[in-house]
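Here is how the chains run, residue by residue.
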Amino acid sequence: MAKVIVVTSGKGGVGKTTTSAAFAAGLALRGHKTVVIDFDVGLRNLDLVMGCERRVVFDFINVINGDANLNQALIKDKRHDNLFIFPTSQTRDKNALKREGVERVMEELKQQFEYIICDSPAGIEHGAITALYFADSAIIVTNPEVSSVRDSDRIIGILASKSRRAERNEPAVDVHLLLTRYDPVRVAKGEMLAVDDVKEILSIPLLGVIPESESVLRASNTGTPVVFDEESPAGRAYLDAVARFLGEQREMRFVTPQRRSFFRALFGRV
Amino acid sequence: MGFFRALFQPKRTSAQVAKERLKIVLAHERASNRAPDFLPTLQKELLAVVGRYVEISEDGIRVTLGASGGTSTLEINIEIEGGKVKKGGPSGSALSPAV
């Protein structure tokens, strides 16, 4: 049975698209046929982060309006056979995402894919609500910072009241906390909220901690999901999170300051 | 004194301050965000009914739904302005059943 996962946060700029790209690629690497959908109508960016911006012909809105069929719009990733990208439109029409249309497309996607990752826009407006409406699971992307934590709390409340599962009185959407841009050195100095603090405040289960890492910007510069960078601590942390999502037990890495060897400190990159 | 305090009472870190501020603001927001939709209407209607008998101001009423232990509570707090009771029972206009 296909599973719909929304990647959401309320606040912008915390790493939703990076996470959507990394998580989708991670699931594909684990052998699951996965599609990642951009719900940020008008501000298309997933295509850039996934490195397929020049291959976009038809988009989500075209398919909703019946101007193209699903397979014309889906872009197959060149790095992995299991991975597909479903870009959104650059239209300025805010209401282009009609719920009935989205529902029909989702049902069609469920026939083809094991996992459907929905990359939500920021905010709590129509696009964000539509992105989370069909979700079975949610990944709440949060930075260890007051405004991000507050907005995450808000979006957790919205998931509990406005999702289709909530409306139909079905089992609740299962929510997971993913803490991104984590800096263990600053946490040790008392300058940044610790992972346990955020967990305690939001009281949802922790899926993973992604360390602040130069490799994330390198990955988006080149249009490569960060999990394809085997050297990257962030990439490895995302793969751990994917494994936990699939039910594996893995210890949290990158949550304590790393001791760097003398030579690495002298010559090494992150 | 200042010297000893600095020695024995370590300053709160900014992360600790952040955590406390978040806990307070979220406790407040959760209560209001998760309140059922009828609360504002209930509040308005209560204000109209009670206002027939005693003088109260628009913002002198607080209606909250809460839960403690196994029971839910509907708490209604109404401030009466200077304890004034209107004379002669309900005023004419408020007699109409529509509130």
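Everything below is about the structure printed above this text.
Read on for an overview of the structure. (Residues numbered from 1 in each chain as written. Chains lettered and ligands numbered in written order. Predicted model: local features only at pLDDT ≥ 70, side-chain atom pairs only at ≥ 80, totals over all residues. Heavy atoms only, no water.)

1. Some thoughts on the environment of A:His176
Residue and element names in this part refer to chain A. This is how it is decided: Counting from the N terminus, the helices are the DSSP runs of H or I reaching at least four residues and the strands are the DSSP runs of E reaching at least two. Throughout, exposure labels follow a simple rule: accessible area from a 1.4 Å probe, protein chains only, divided by the maximum for the residue type, with under 20% read as buried, over 50% as exposed, and the rest as partly exposed.
Assignment of secondary structure puts histidine 176 in strand 7 (residues 174–182). For histidine 176, a relative accessible area of 14% corresponds to the buried category. Put simply, histidine 176 and isoleucine 64 are 112 residues apart on the chain and 29 Å apart in space, counted from C-alpha to C-alpha.

2. Observations concerning the pairing of strand 1 (residues 3–8) of chain A
Residue and element names in this part refer to chain A. Rules: Whether two strands pair depends on DSSP finding at least two bridges between them.
Across the 6 residues of strand 1, 5 count as buried, placing the element largely inside the fold. The pairing of strand 1 with strand 5 (residues 115–119) spans 5 bridges and is parallel. Bridge pairing in strand 5 places lysine 3 opposite tyrosine 115. Looking at chain direction, strand 1 and strand 6 (residues 137–142) are connected through 4 bridges and run parallel.

3. A look at the pattern of salt bridges
Selection rule: Should a side-chain nitrogen of Lys or Arg be within 4 Å of a carboxyl oxygen of Asp or Glu, the pair is scored as a salt bridge.
With the rule as written, the count across this model stands at 20 salt bridges over all chains. Put simply, B:Glu29 and A:Arg150 hold a salt bridge, and the shortest N to O gap is 2.5 Å. Residue B:Glu29 is found in helix 2 (residues 14–33), and its partner A:Arg150 is found in helix 7 (residues 146–162); the two belong to separate chains. B:Glu29 gets classed as buried once you look at its relative accessible area, which sits at 18%. Residues participating in the shared-partner salt-bridge network are A:Arg30, A:Asp240, A:Glu248, A:Arg250 and A:Arg253.

4. A closer look at the sheet that holds strand 2 (residues 34–38) of chain A
All names here are of chain A. Our working definition: What makes two residues a contact is simply this: any of their non-hydrogen atoms within 4.5 Å. Between N-to-C directions, angles cover 0 to 180 degrees, with each direction set by a line fitted to C-alpha atoms, over the stretch in contact for helices.
An order of 3-4-2-5-1-6-7-8 is seen for the 8 strands of this open sheet, with the pairing classed as mixed. Whereas interior strands pair on both sides, the edge strands pair on one side only; in this sheet they are strand 3 (75–76) and strand 8 (206–211). In the sheet, strand 2 pairs with strand 5 via 5 bridges, with the strands oriented parallel. The residue bridging valine 35 from the neighbouring strand is isoleucine 116, located in strand 5. Strands strand 1, strand 2, strand 4 (83–86) and strand 5 of the sheet are contacted by helix 5 (residues 99–112), whose axis makes an angle of about 140° with strand 5.

5. Side note on the nonpolar core
Residue and element names in this part refer to chain A. As a reminder, the rule being used: As used in this record, nonpolar core signifies buried Ala, Val, Leu, Ile, Met, Phe, Trp, Tyr and Cys residues forming a set joined through side-chain atoms within 4.5 Å.
Phe39, Phe60, Phe86, Met106, Leu109 and Ile116 are the most contacted members of the largest nonpolar core, which totals 54 residues. In terms of residue count, the dominant contributor to this core is helix 7 (5 residues). Each residue touching methionine 106, except ones within four places of it in the same chain, is listed here: Val4, Ile37, Phe39, Ile116, Cys118 and Phe134. Counting residues in hydrophobic clusters, the runner-up holds 36 residues, among them Val56, Leu83, Ile85 and Ala237.

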